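Structure assessment
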There are 2 protein chains.
Amino acid sequence: MSSVTVHAPATIANLVCGFDVLGLALNDPYDVMKLSISETPGIRIQHNDVYNLPTIPEQNVAGVSLLEMMQELDSHYGFDLVIEKHIKPGSGLGSSAASAAGVVVAANHLLGNIFSKEDLVRFAMAGEKLASGVKHADNISPGIYGGITLIRSIFPLDIVSLTAPPMYVAVVHPQIEVKTSDAREILRKEVLLKDAIKQWGNIAGLVAGFMKNDYGLISRSLEDVIIEPVRSMLIPGFDDVKKKSVDAGALGGGISGSGPSIFMLCEEKNTALKVEKIMKDIYDNTGLKYHTYVTTINNEGIKVEVNNH
Amino acid sequence: MSSVTVHAPATIANLVCGFDVLGLALNDPYDVMKLSISETPGIRIQHNDVYNLPTIPEQNVAGVSLLEMMQELDSHYGFDLVIEKHIKPGSGLGSSAASAAGVVVAANHLLGNIFSKEDLVRFAMAGEKLASGVKHADNISPGIYGGITLIRSIFPLDIVSLTAPPMYVAVVHPQIEVKTSDAREILRKEVLLKDAIKQWGNIAGLVAGFMKNDYGLISRSLEDVIIEPVRSMLIPGFDDVKKKSVDAGALGGGISGSGPSIFMLCEEKNTALKVEKIMKDIYDNTGLKYHTYVTTINNEGIKVEVNNH
């Protein structure tokens with residue numbers, strides 16, 4: 001029986017002005033998933049963590065992603081999956097995407113890499129659909145491709161890898177519950193054309209800033225006039241974290257995915273550490289539980305290790 | 001008396017999915033403007049063309065741009081300007097921007113290049129305001145910077161030069177009148193969030209495609225779900241030109257500025273010539289007067305020649 005262990009990283013969707021189209025993979029935190037392939041049909045899932053997630057394949061994000069892949073296989077393999085989640089569900093750091101993307105990358109490796117990265121995104125989107133009711137790829141793609149990805153279009157799928165200069169990322173996860181579905185519900189279905197123009201000027205600037213390694217342009221482009229003003233109201237401390245982080249030298253940042261985590265991009269590690277301190281001070285004062293990370297962009301994406309027996 | 005002659009090129013604003021933020025300079029057509037500096041105060045304008053444009057400085061696009069610049073000069077120079085327009089006013093090819101940008105580039109050269117490109121855009125925006133009632137920079141900037149420019153923000157001004165692979169541009173100007181103010185009037189003030197998301201996915205893709213020299217991505221990103229469906233109704237033959245051009249191998253294209261000109265980007269010169277033939281056939285059938293151009297991206301922008309006396 002061959003098996004692999006993958007590290008499936010946390011991801012930040014939206015990246016401020018790129019609602020529903022941009023995503024970035026982090027080096028920390030990450031889920032650890034061990035997948036074994038065998039002749040015994042069926043999928044068996046075990047969760048070695050505290051989150052009490054369903055283990056019936058049809059109800060498990062990783063399970064349905066694997067089932068989606070298996071529909072395109074001729075042979076009838078079986079899989080044993082052990083998941084050790086470190087990315088807290090509901091954190092806004094792509095916890096479900098890590099499960100969905102991690103398992104299909106692992107399975108593809110065991111099958112001799114017969115599927116393309118785009119295929120893998122397609123399979124993992126079944127997991128995202130189970131988790132949030134919507135097929136979206138902005139957390140899955142950076143996990144599978146690494147670095148920063150643009151989902152130009154979801155039907156048909158069009159994924160673009162973007163280069164970017166080295167950056168440090170400070171993240172705080174204040175432990176309140178924000179459901180993705182609620183966070184979507186409060187958005188207006190229509191937006192002002194003038195706001196939309198501002199937003200597409202900013203995303204164009206952000207993409208150009210990434211590709212030109214222009215930190216100043218990245219910083220100026222990290223502005224969201226459409227989603228953040230609405231969603232940030234669900235996150236206590238948001239305005240304070242953002243203002244003080246930028247004052248301390250962060251390039252900018254905002255809500256990770258649909259929240260409640262907040263991230264700040266920084267050019268220097270020192271700045272990221274200062275920002276982390278700011279985050280801690282703010283949430284210490286609120287009495288809310290929280291967790292912080294200082295990490296970097298994960299350009300490799302999901303890491304696969306072959307297990308020797 | 002020293003004088004310069006500048007070639008101020010036509011420009012294409014919007015570039016399909018970049019409404020109000022993207023622009024591109026063409027090598028053809030261009031206006032020829034001769035500017036002389038003297039000790040005799042005042043601005044004297046002469047139009048050597050058929051368009052019967054005002055020559056009183058305060059009513060002339062080039063005149064007000066020059067006046068705007070002169071407000072920031074200590075010395076009281078005078079200027080004599082002769083304009084030979086080849087970019088037809090109202091064509092949607094940045095005719096007013098060429099006058100506005102051309103004169104300030106010429107004057108700056110005569111003054112020893114004391115102003116930055118950004119300053120020049122600022123001055124020329126006064127001309128655009130006279131022409132269209134709105135300060136916009138998406139036609140001025142590519143003229144002054146050359147190539148393709150992004151106006152990430154207009155207040156404060158933030159102009160970004162984008163690299164792009166070589167492309168041919170086929171343009172048709174069907175000679176109907178579309179006023180910029182009318183073309184703005186018919187746009188809805190609100191747009192669907194889902195359409196806005198599509199649009200910012202496309203502009204992000206277009207910018208990435210330009211910078212990665214990825215013709216396929218450029219082609220897939222040349223889609224406008226917000227402005228074109230409304231404005232194209234003002235341009236007879238639009239759908240036909242677009243469909244047949246893409247079928248003939250054009251990367252894509254759309255309305256130039258607020259129209260009525262239509263442009264198509266092509267990877268190969270041969271394709272651009274085929275597209276031009278398609279454009280001619282379509283407008284020959286309508287009986288409308290038209291003019292076509294097959295040209296390339298003007299990476300240099302406004303060209304300055306010093307006149308020897």
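Bear in mind the structure is a predicted one, so any value in this text is a computation, not a measurement.

Things to note about the domain arrangement of chain A
Residues and elements named next belong to chain A.
- Entries for chain A in the domain assignment read domain 1 (2-163) and domain 2 (168-296).
- Centre-to-centre separation of domain 1 and domain 2, based on C-alpha positions: 24 Å.
- At the interface, 28 residues of domain 1 touch 34 residues of domain 2.
- The junction of domain 1 with domain 2 conceals about 2400 Å² of combined surface from both sides, 65% of it contributed by carbon and sulfur atoms.
- When residues of domain 1 are sorted by the area they lose upon contact with domain 2, V16, C17 and F19 head the list and together hold 28% of the total.

Some thoughts on the nonpolar core
- By size, the foremost hydrophobic cluster in this structure holds 169 residues, and its most contacted members are W200 of chain A together with W200 of chain B.
- Residue contacts for W200 of chain A: discarding those within four places in its chain leaves L193 of chain A together with C17, G18, F19, V21, Q199, W200, I203 and I226 of chain B.

What to know about the UniProt feature "domain: GHMP kinase N-terminal" (unreviewed entry) in chain A
- When the UniProt feature table is mapped to this numbering, "domain: GHMP kinase N-terminal" (unreviewed entry) covers residues 69-147 of chain A.
- The straight-line gap between the two end C-alpha atoms of residues 69-147 of chain A is 24 Å; of that span, 51% is helix and 9% is strand.

As for the sheet that holds strand β7 (residues 168-174) of chain A
All names here are of chain A.
- Taken in spatial order, the four strands of this open sheet run β9-β10-β7-β11, and their pairing is antiparallel. Single-partner strands in this sheet number two, and they are β9 (252-255) and β11 (290-296). Each strand of the sheet is rotated relative to its neighbour by a mean of 15°, with strand direction disregarded.
- Note: β7 against strand β10 (residues 262-266), five bridges, orientation antiparallel. Bridge pairing links V169 to L265 in β10.

Focus: the pattern of salt bridges
- In total, this model carries 24 salt bridges over all chains according to the counting rule given.
- When salt bridges with common partners are traced through the structure, they connect E72, D119 and R122 of chain A into a single cluster.

What to know about the relation of the copies chain B and chain A
- Superposing chain B onto chain A requires a rotation of 180° together with a translation of 0.0 Å along the rotation axis, leaving an RMSD of 0.0 Å. Here the symmetry operator amounts to a two-fold rotation axis.
- Same-surface contact between copies: 100% of interface residues of chain B are shared with the interface of chain A.

Section: the environment of K242 of chain B
Residues and elements named next belong to chain B.
- Considering the arrangement of structural elements, one finds K242 in helix α9 (residues 238-247).
- Each C-alpha atom of the pair K242 and G253 lies 7.1 Å from the other, and the pair is eleven residues apart in sequence.
- Not counting residues up to four positions away in its chain, the partners in contact with K242 are E228, G253 and M264.
- At 2.8 Å, the side chain of K242 and the side chain of E228 are in polar contact.

Notes on the pairing of strand β2 (residues 22-38) of chain B
Residues and elements named next belong to chain B.
- In terms of burial, β2 is largely enclosed, as 13 of its 17 residues are buried.
- Where strand β1 (residues 2-13) and β2 come together, eleven bridges link them in antiparallel fashion. Bridging across to β2, T11 finds its partner in A25.
- Bridge count between β2 and strand β5 (residues 148-153): three bridges; the pairing is antiparallel. Within the sheet, the bridge partner assigned to G23 lies in β5 and is T149.
- Here seven bridges tie β2 to strand β4 (residues 78-84), and the two strands are oriented antiparallel to one another. Of the residues in β4, the one forming a bridge with S38 is G78.

Quick notes on the environment of V178 of chain A
All names here are of chain A.
- Mapping V178 onto the fold places it in the loop between β7 and α5 (180-185).
- Separated by 90 residues in the primary sequence, V178 and E268 place their C-alpha atoms 30 Å from one another.
- Beyond its immediate chain neighbours, meaning those up to four positions away, V178 contacts A183, L234, S258, G259 and P260.

Observations concerning the pairing of strand β7 (residues 168-174) of chain B
Residue and element names in this part refer to chain B.
- Burial runs high along β7: six of the seven residues are buried.
- As judged from the seven bridges shared by β7 and strand β11 (residues 290-296), these two strands associate in the antiparallel manner. Among the inter-strand pairings, V171 is bridged to a residue of β11, identified as Y293.

Criteria and cut-off values
- Residues numbered from 1 in each chain as written.
- Chains lettered and ligands numbered in written order.
- Predicted model: local features only at pLDDT ≥ 70, side-chain atom pairs only at ≥ 80, totals over all residues.
- Heavy atoms only, no water.
- Domains from an automatic or database assignment.
- Contact = heavy atoms within 4.5 Å.
- Buried area = accessible area lost by both parts, 1.4 Å probe.
- Core = buried A, V, L, I, M, F, W, Y, C linked by side-chain atoms within 4.5 Å.
- Buried < 20%, exposed > 50% of the residue type's maximum accessible area, 1.4 Å probe, protein only.
- UniProt positions renumbered as here; feature names shortened; annotations may be inferred.
- Helix = DSSP H or I, 4+ residues; strand = E, 2+ residues; numbered from the N terminus.
- Pairing = 2+ DSSP bridges.
- Axes fitted to C-alpha atoms, helices over the stretch in contact; angles between N-to-C directions.
- Salt bridge = Lys/Arg side-chain N within 4 Å of Asp/Glu carboxyl O.
- Least-squares fit on C-alpha atoms with pLDDT ≥ 70 in both.
- Polar contact = N/O pair within 3.5 Å; in protein donor to acceptor, adjacent residues only side chain to side chain.

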